[in-house]
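The chain contents come next:
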Amino acid sequence: MSGMISQLQASRPTDLDAALALLAEAGDPWRPLAGGTDLLVEAQHGRLQHRRFLDLSGLQGSLGGLRWHADGTLEVGALCTYLQLQRDARVQAEYPALCAMARLVGAAQIQARGTLAGNIENASPAADVAPVLLALGARVRLQSAARGVREVALDDYWTGYRQTVRGQDELIVAVLVPPQPFGPHAQWSRKVGTRSWQAITKVGIAARIGWAEGRIVEARIVAVSMAATPCRVAAIEQALLGCSGEEPDLAARIATAQQSALRPLDDVRSTAAYRATVFGRLVLQAVCETKGAAGDAGKGGSAA
Amino acid sequence: MAHDHLPGPRTTVRMRINGEEKTVRVAPMRRLLDVLREDVGLKGTKEGCGEGECGACTVLLDGEPVCSCLVAALQCEGREVRTVEGLESHGVLHPVQEAFLQHGGAQCGICTPGMVVTAAWLVDKGLPPGGIREGIAGNICRCTGYGAIVDSVEDAIVRCQRKAGGCAQEGSEGGAA
Amino acid sequence: MNIARPVAARAHVGHSRPRPDADAKVRGTAPYVDDLPFEGLHGATIRTPIARGRVTGLRFGDLSDLGADWSEFAVVTAQDIPRRSAKDGVDPNLVALIERDQPFLVRDAFEHMHEPVALIAHPSLEVVRAAAERVEVVVEALPARLDFRTAGEDAVFKTITVRRDAGEDADAFAAELAACAVRVEGVYETQAQEQCYIEPNGMIARVVCDPDDLPSPERPSVPTWPSKPFRVEVEGSLQCPYYVHKALCSLFALPEDGVRVAATLAGGGFGGKEDYPSILAGHAGLLALKTRRPVKMIYDRAEDMVATTKRHPSQSRIVTGHDADGRLRCVQIDCRMDGGAYVTLTPVVLSRGVIHAVGPYEVPHVRITAQAVHTNTPPHGAFRGFGAPQTVFAFERHMDRVATELGLDPAELRRRNLVVRGGTLAVSQTIEEPIALEAWLDEALDAFDWRGRRARAEAFNHEAQVSGVARRRGVGLATFMHGAGFTGSGEDYLASKVKVRATAEGQLEICTAQTEIGQGSIAVFSQIAADTMGLQLADVAVARPDTDQVPNSGPTVASRTSMVVGHLVARASEDLLGRLERAGLLGEADARPEGEALGEDVVVGERPSAMVQGRGWSYRPEALRRALAAAAASGDAEIAEGWAQYERPPGGAWDDTVYKGVAYGTYAWANYLAEVEVDGLTGEVKVLDFLASQEIGRVLNPLLAHGQIEGGVVQAIGWALLEDCVWKDGHLTNGNMTNYVVPTAADVPPIQVRFQESPYAYGPWGAKGIGELPMDGPAPALLNAIAHATGIDLCALPASPERIVAAQLAAEEAR
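Undergrad: What exactly am I supposed to notice about empty space enclosed by the protein here?
TA: If you roll a probe as big as a water molecule over the atoms, it shows you where there is empty space left. Residues and elements named next belong to chain C. The final tally for this structure, using the stated rule, is seven cavities of 30 Å³ or more. Reported here for the largest cavity is a volume of approximately 130 Å³. Lining the largest cavity we find 17 residues, and of these Gln-102, Tyr-276, Ile-279, Thr-344 and Pro-379 sit closest to its centre. Take the lining of the largest cavity: its biggest share by element is three residues, from helix α5 (residues 276-291). Looking at side-chain class alone, the lining of the largest cavity contains eight nonpolar, six polar and three charged residues. Lining the second largest cavity we find 13 residues, and of these Leu-437, Trp-440, Trp-669, Ala-670 and Asn-671 sit closest to its centre.

Undergrad: How do you make sense of the interface of chain C and chain A when you look at a structure like this?
TA: Reports often express the size of an interface as the amount of accessible area lost when the parts come together. Facing 31 residues of chain C, the contacting portion of chain A comprises 26 residues. Here chain C packs against chain A, burying approximately 2,400 Å² in sum over the two surfaces, 53% of which is carbon and sulfur. The three residues of chain C that bury the most area against chain A are Glu-126, Leu-681 and Glu-802 of chain C, which together make up 25% of that side's buried surface. Among the salt bridges present, the one from Glu-684 of chain C reaches Arg-190 of chain A, with a minimum N-O distance of 3.0 Å. Across the chain C-chain A interface, the total number found is 15 residue pairs in polar contact (both at pLDDT 80 or more). Counting residues per element, the ones that place at least two in the side of chain C that touches chain A are α2 (125-132) and α20 (801-814) of chain C. Ranked by residues supplied to the side of chain C that touches chain A, first place goes to α20 of chain C with six residues.

Undergrad: Got a minute to help me understand the packing of helix α13 (residues 521-533) of chain C against helix α14 (residues 561-582) of chain C in this structure?
TA: Helix packing geometry: the angle between the two helix axes and the distance between the axes. Residues and elements named next belong to chain C. In contact at an axis separation of 9 Å, α13 and α14 are set at 35° when each is read in the N-to-C sense. Here the hand of the crossing between α13 and α14 comes out right-handed. Along the contact surface, α13 presents Ser-521, Val-524, Phe-525, Ile-528, Ala-529, Thr-532 and Met-533, while α14 presents Thr-561, Ser-562, Val-565, Gly-566, Val-569, Ala-570, Ser-573, Glu-574, Leu-576, Leu-577 and Leu-580. In terms of residue class, the contact of α13 with α14 is made up of 11 nonpolar, six polar and one charged.

Undergrad: Help me understand the sheet that holds strand β20 (residues 540-542) of chain C in this model?
TA: Strand pairing in a sheet relies on backbone hydrogen bonds, with the paired strands running either antiparallel or parallel. All names here are of chain C. The four strands lie next to each other as β20-β19-β18-β22, forming an open sheet whose pairing is mixed. Only two strands of the sheet have a single neighbouring strand rather than two, namely β20 and β22 (641-645). Averaged over all neighbouring strand pairs, the angle between strand axes comes to 20°, with direction disregarded. Of the pairings in the sheet, the one linking strand β19 (residues 508-511) to β20 comprises three bridges and is parallel in character. Pairing of Glu-509 across the sheet is with Ala-541, part of β20. Its contacts with the sheet place α13 against β19 and β20, and it is angled at close to 145° to β20. Contacting β18 (497-502), β19 and β22, α14 runs over the sheet at an angle of about 140° to β22.

Undergrad: Would you mind showing me how to read the sheet that holds strand β26 (residues 685-695) of chain C here?
TA: Residue and element names in this part refer to chain C. Strand order across the open sheet formed by four strands is β17-β25-β26-β29, with mixed pairing between neighbours. Strand pairing shows two members of the sheet lacking a second neighbour, β17 (471-483) and β29 (751-756), which therefore form its edges. Each neighbouring strand pair of the sheet contributes to a mean axis angle of 15°, computed without reference to strand direction. Sheet topology note: the β26/β29 ladder contains six bridges and is parallel. From the neighbouring strand, Ser-693 faces β29, where its bridge partner is Arg-754. Of the strands in this sheet, β17, β25 (667-679), β26 and β29 touch helix α10 (residues 437-448), which is tilted by about 30° from β25.

Undergrad: I'm lost on the packing of α14 of chain C against helix α15 (residues 621-634) of chain C in this one. Help?
TA: All names here are of chain C. In the contact formed by α14 and α15, the axes pass within 11 Å of each other and the chain directions differ by 80°. Taken as axis vectors, α14 and α15 run roughly perpendicular relative to one another. Where α14 abuts α15, its residues Leu-576, Leu-577 and Leu-580 lie against Leu-624, Ala-627, Leu-628 and Ala-631. In terms of residue class, the contact of α14 with α15 is built from seven nonpolar, no polar and no charged.

Undergrad: When you look at the domain arrangement of chain A in this model, what are you seeing that I'm missing?
TA: Residues and elements named next belong to chain A. You can read the domains of chain A as domain 1 (5-59), domain 2 (61-177) and domain 3 (184-298). Its C-alpha centre places domain 2 at a distance of 22 Å from the equivalent point of domain 3. Roughly 2,000 Å² is buried in total at the junction of domain 2 and domain 3, and carbon and sulfur atoms are behind 59% of that figure. By the criterion of area lost to domain 3, the three top residues of domain 2 are Leu-104, Pro-125 and Ala-135, representing 24% of everything that side buries. On inspection of domain 2 and its partner domain 3, the count reaches three salt bridges. As a salt-bridge pair, Asp-155 and Arg-232 come within 2.9 Å of each other at their nearest N and O atoms. Applying the counting rule to domain 2 against domain 3 returns 14 residue pairs in polar contact (both at pLDDT 80 or more). Split by residue class, the side of domain 2 that touches domain 3 holds 19 nonpolar, five polar and four charged.

Undergrad: Explain the interface of chain C and chain B here, please?
TA: Across the contact, 57 residues belong to chain C and 46 residues belong to chain B. When the buried surface of chain C facing chain B is broken down by residue, Val-26, Arg-27 and Ile-198 of chain C rank first, second and third, together holding 19% of it. Here chain C and chain B share five salt bridges between them. Glu-723 of chain C is the partner of Arg-142 of chain B in a salt bridge, and the nearest nitrogen-oxygen pair spans 2.7 Å. Across the chain C-chain B interface, the total number found is 25 residue pairs in polar contact (both at pLDDT 80 or more). Mapped onto the side of chain C that touches chain B, the elements with two or more residues apiece are α1 (22-27), α2 and α17 (702-722) of chain C. The leading source of residues in the side of chain C that touches chain B is α17 of chain C, at seven residues. Each residue belonging to the side of chain C that touches chain B can be placed in one class, and the counts come to 28 nonpolar, 16 polar and 13 charged.

Undergrad: I keep staring at the environment of Arg-206 of chain C and nothing clicks. Help me out?
TA: All names here are of chain C. Inspection of the secondary structure assignment puts Arg-206 in strand β10 (residues 202-209). Classification of Arg-206 as partly exposed rests on a relative accessible area of 28%. Along the backbone, Arg-206 and Leu-287 are 81 residues apart, and their C-alpha atoms lie at a distance of 9.2 Å. Residue contacts for Arg-206: discarding those within four places in its chain leaves Pro-37, Phe-38, Arg-231, Val-232, Glu-233, Glu-235, Ala-288 and Pro-294. Here Glu-235 takes part through its side chain, which lies 3.2 Å from a polar atom of the side chain of Arg-206.

Undergrad: Explanation requested: the domain arrangement of chain C in the structure shown.
TA: Residue and element names in this part refer to chain C. Along its sequence, chain C is carved into domain 1 (9-29 + 496-645), domain 2 (33-143 + 201-298) and domain 3 (314-486 + 659-814). Just the C-alpha atoms count here: the centres of domain 2 and domain 3 sit 39 Å apart. Residue-level contacts link 20 residues of domain 2 with 22 residues of domain 3. Summed over the shared surface of domain 2 and domain 3, the number is zero salt bridges. Here the residues of the side of domain 2 that touches domain 3 are counted per class, giving eight nonpolar, five polar and seven charged.

Undergrad: For this particular structure, what's the right way to read the packing of aromatic side chains?
TA: The description of an aromatic ring pair uses the distance of the two centres, along with the angle that the planes make with each other. All names here are of chain C. Evaluated as defined, the whole model comprises 12 aromatic pairs over all chains. Residues Trp-654 and Tyr-659 carry aromatic rings whose centres are separated by 5.0 Å and whose planes lie at 80° to one another, so their mutual orientation is edge-to-face. In terms of burial, Trp-654 and Tyr-659 fall into one category: buried. Cluster of aromatic residues (ring-pair linked, three or more members): Phe-60, Trp-70 and Phe-73. Positioned over the ring face of Phe-448 is Arg-453, at 3.7 Å from the centre of the ring.

Undergrad: What's the story with the environment of Gly-148 of chain A in this structure? I'm lost.
TA: Residue and element names in this part refer to chain A. Note that Gly-148 resides in strand β7 (residues 148-153). Along the chain, Gly-148 and Leu-20 lie 128 residues apart, while their C-alpha atoms are 9.8 Å from each other. Residues in contact with Gly-148, not counting those within four places in the same chain, are Leu-142 and Gln-143.

Undergrad: How should I be thinking about the pattern of salt bridges in this particular structure?
TA: Between side chains of opposite charge, pairing is possible as soon as their charged atoms come close. Tallied over the entire structure, the rule returns 106 salt bridges over all chains. For Glu-509 of chain C, the salt bridge identified is with Arg-501 of chain C, shortest N-O distance 2.6 Å. What makes Arg-501 of chain C partly exposed here is its relative accessible area of 29%. A salt bridge links Glu-757 of chain C to Arg-698 of chain C, with the nearest nitrogen and oxygen atoms 3.4 Å apart. Remark: Arg-698 of chain C occurs in the loop between β26 and α17 and Glu-757 of chain C occurs in the loop between β29 and α18 (773-776); sequence separation between them is 59 residues. Under the relative-accessibility criterion, Arg-698 of chain C is labelled buried at 15%. Within the structure, one salt-bridge network assembled from shared partners comprises Arg-67, Glu-75, Arg-139, Arg-141 and Glu-151 of chain A.

The rules behind these values
Residue positions are given per chain, counted from 1 along the sequence in the order it is written. Lettering for chains starts from A, numbering for ligands starts from 1, and both go in the order in which the items are written. This being a predicted model, a pLDDT of at least 70 is required before a residue's local features are given, and a value of 80 or more before pairs of side-chain atoms are given or counted; all residues contribute to the totals for chains, interfaces and linings. Side-chain figures throughout are based on the complete set of non-hydrogen atoms in the structure, without hydrogens or water. Grid points spaced at 1 Å and placed over the protein atoms alone form the basis of the search, with a cavity being a set where a 1.4 Å probe fits but cannot get out and a pocket an open set showing protein on both sides within 12 Å along at least five of seven lines. Lining residues have an atom within 4 Å of a point. Grid points are joined across faces, edges and corners, and a volume is the space filled by probe spheres set on the points. Put simply, DSSP H or I for four residues or longer makes a helix, DSSP E for two residues or longer makes a strand, and each gets a number counted from the N terminus. Only Asp, Glu, Lys and Arg are considered charged, only Ala, Val, Leu, Ile, Met, Phe, Trp, Tyr, Cys and Pro nonpolar, and every remaining residue, Gly among them, polar. Here, residues are in contact when the closest pair of their heavy atoms is within 4.5 Å. Buried area: the accessible surface (1.4 Å probe) lost by two parts on joining, summed over both. When a carboxyl oxygen of Asp or Glu lies within 4 Å of a side-chain nitrogen of Lys or Arg, that pair is called a salt bridge. In protein, a polar contact means a hydrogen-donor-capable atom and an acceptor-capable atom, both N or O and within 3.5 Å, with residues adjacent in sequence counting only if both atoms are side-chain atoms; elsewhere, any N or O pair within 3.5 Å suffices. The axes used here are C-alpha line fits, helices contributing only the stretch in contact, and every angle between their N-to-C directions lies in the interval 0 to 180 degrees. Definitions for this section: a left-handed crossing has its near helix turned counterclockwise from the far helix by less than a right angle. A right-handed crossing has that turn clockwise. Strand pairing follows a simple DSSP-based rule, namely that at least 2 bridges must link the two strands. Angles below 35 degrees are treated as roughly parallel, those above 145 as roughly antiparallel, those between 65 and 115 as roughly perpendicular, and all remaining angles as oblique. Each domain span listed reflects an automatic or database assignment of domains. Throughout, exposure labels follow a simple rule: accessible area from a 1.4 Å probe, protein chains only, divided by the maximum for the residue type, with under 20% read as buried, over 50% as exposed, and the rest as partly exposed. Any pair of Phe, Tyr and Trp rings, taking the six-membered ring for Trp, is counted once the centres come within 6.5 Å. Such a pair is stacked with planes under 30 degrees apart, edge-to-face with planes over 60 apart, and tilted for the rest. Placement of a charge over a ring requires the Lys NZ or Arg CZ to be within 6 Å of the ring centre, with the centre-to-atom vector within 35 degrees of the ring normal.

Following this line, the structure appears as structure tokens:
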């Protein structure tokens, strides 16, 4: 049943405790509202599941911006937008895949509003930036009035199609991206949409592939629009470990590993056959390009 | 306005629109787009799709372009909104508006308000790595094929470079960073 | 009265004058229909939930959570439209267009999903939209026909055949074909395309009736149909005021002066606001009649996309026979177009497709059979190009496949077949005009460095293959033409009229039914009239298209506005000049002194057309202004108004019973070239460069003409590469701008636009129509370029990454 915008309730607390107190209320749950770029689309299509909305825009002081921890961890506030993120010089240097993908979310208008936290909580299988965060080993910091703060690895955050571990009383307050063991060159992502911007990913990949002495020593391969959530593909990661990228049967190995792990669908945006074929190719491309970048970096090349 | 006799919660939102302090009493999740068009009477901002795809409803919120169809009124509390009507200053068009006139950047004109708002932002704040075409990728135009629009933005950038200090100071009052 | 020497100058035509409507557009003050001040009710439409069946009832759901009650709503169904009120005895519920088969509101049986069944109105837009979703249309399902390609002959509702022969019968054709050195066959398919104007359809209706017919406290409800004469007035976003006018006269059984249709600025049309606004105006009018209050109906994007018309899907089966050197001997085309559920404009779309199907080539033996079939999808309708993009795609893609077969350069194959002056097109039209298609082709090829680019692309691909890079480049060409104005006798039938009138301020006001949909009609008409009279642009105004104020100058379609109606503007302006002279308001004393400089940009000595003498600039502008003011002050229409009515230019006629003759008075001719890069990993195609070269007669306003061409090319790039309508059970599943993907600025390169000018004797200053032309060529040029890049021989649109990857996989399988 579709309600009307006029009947929706919203609150705009100006401190975090007040926000958490609202979330802890019994009854009709409050849905957090950050950039609104997903939520207001749902409202337009009459698909809202909630009637109460917790606007976070008054919490810029506690949830805005980004910070660097002493150990090099990047802490992205829940209200940090894609535009703010990609403008940061240190993020550009250390997390190029994150910036590259932030630049491809929607277009400028969406990037000025959308947030990493929102992208994670929206839990779309076609998410842009959240898969990169997963590849980079990011953690989500949740806070609630009763339970305090907890951190959940993104690996464990999505539990099913559009479902997350966040409790009704919890709020994502930050996303933590650890320092990258293999530096910027191991990060690789590619989004295939129908057009360059304003596109929803038909098939995509986010990867971190660590190389040592010409061999893959770590592989985190995230598939986008290939399953109910963005997901790491353990079978492919396993298959890649120890590879040099030169194996003549590498494509076949990837394909075999992929077949057991991923069952993409036909939908309004693309076909299962296309997704399956192109995803395998993107994995191979990620291997080749991270190898090249790692090699250049190892030589002290100009890539940095 | 039409929605006001409906039942439901209302909230008071204060924002600056084109430099003027405005207080509106609205349903909290009412779209900024509707507040601008219906409650404040600024009809320049257009609705093309209602889902953030076409960019016809683009306005500047605290100096950054947003789709006003995807912003809840409540979220504008204390913020600065600039619409197409606010691009000109003391009756003088923003250089990008002037350039649109000269280069044929407007055809049917329905995308133009959103397009010039984004374009003014690009001219005032600088281009993304992919240049003008990336910068306006969130504004769909179905008439021009974009060439005249790109020409207009290029020309406006040149016009502003010729003036010391660029356009931001001249064209805007509240282009907060 | 005899002025010594006609000056015949043009000071405005041919120059990039800014459009008068631009200033308000860049300020955001230009009013579109949804921006107009409005007090009244908002309407919404209740639609069928499946593709075919019968409506057995309506269930009105509970609204209490909306704080509303159905008693607050006005509800209109087909029952409100009396069956026998039509003057001509047909059901007034059927829209008056070509065939009357499409109902404004479903009475019982329905033929497509999202067909209107009922209308509701309420003071709140939000409530009416929410309430519309609470109405259940109860239906009994019937089997639906959804694939036009496999539909049986019983689905065919229009067939067109074309024959051109040296010999007589079909056997001769078969023998000719059999005798050809080379025969090439192919099947080509094109998909539906959404116009995707950024302003959805919208309409406001008002009813003016006798006070006795208004509700009152004593009589709160009144019958839908007033007892005394009434008037229905609508204004909205539309291309054809008089189409809407005719439809409303018929629906409401009103005389011509009982209906007023006024156009607002349209935020894009592209054909999408050609026929559909008649239905929307009918709906808004019915609600206004039922409530006696103003009613506004603005579609949201989703409703506009699922319920209104799109480009006709098509399938063309082509067999050509050639001499060994590639010369075309025989062409056989079997074409089908999907008309959707009702006839609407399909017969004309099919006709235009047929006439353009063999392109600008000389072929002695031609057989074309074209069919339009019904399916249970919303009717397909007008969209820029109007049938030609489909058949041009098929034939130009086919020509490249022939070139490959023969090992010929694709440009060379085309060169060998181009029609020359005195030659004959497939529909047996002899080209009388001076044309130089070969020279124009060469000019375009040289401008794009065709040979050099092809060679560089091939070298790039070789290099890429060696180094294991997946990207491939290719260069493609399409050669085509587009007829301007209505087909054959169509303009005779329309008999368009234009009026210009003097105003009290000493201005000239141009009155036509042409709507400004972005194409620049206001600017171009102003330029034409100003130069015909000898006025400055500031002295010319264009009246709002309003059937109370402007004559019927026909629809704003078919690339006819500048060429056909613009010509009438010139003739009407000259008519008025003569009237001012005959009334003695202009005389010898007002004549411009011999040798007086007219200005730097002025071109002297060129008549506006063979039917216009061209005395523009004979008088001093201030004298003209004074004469115009005096004429207006006289109150005498004989002096203050100039008129022109369409007259067919000399030359042969068109016979649409055999599809032979002068199909169009003139054609624009074009060569489009594209360079693409295909990412072999993903099948994504990037357009690296695009050149659109065309002969369009005189360019009236280079800036606007450039914009028209570039805009059309980009719309066609969208059709070729990105845009696809995904249907499931007769429902458009990607009916939003998220999933129906049109090009952004980042998806297209700057378009190079080049004009050749070979003035047409019966267009204003030689202008031809250009609006639709750029829609025809890009798709084949791009797919030809993809084939050159990859060897993938795609014959269906769009050339999506999915299709390209599927073709790669099929090729691997075949190996």
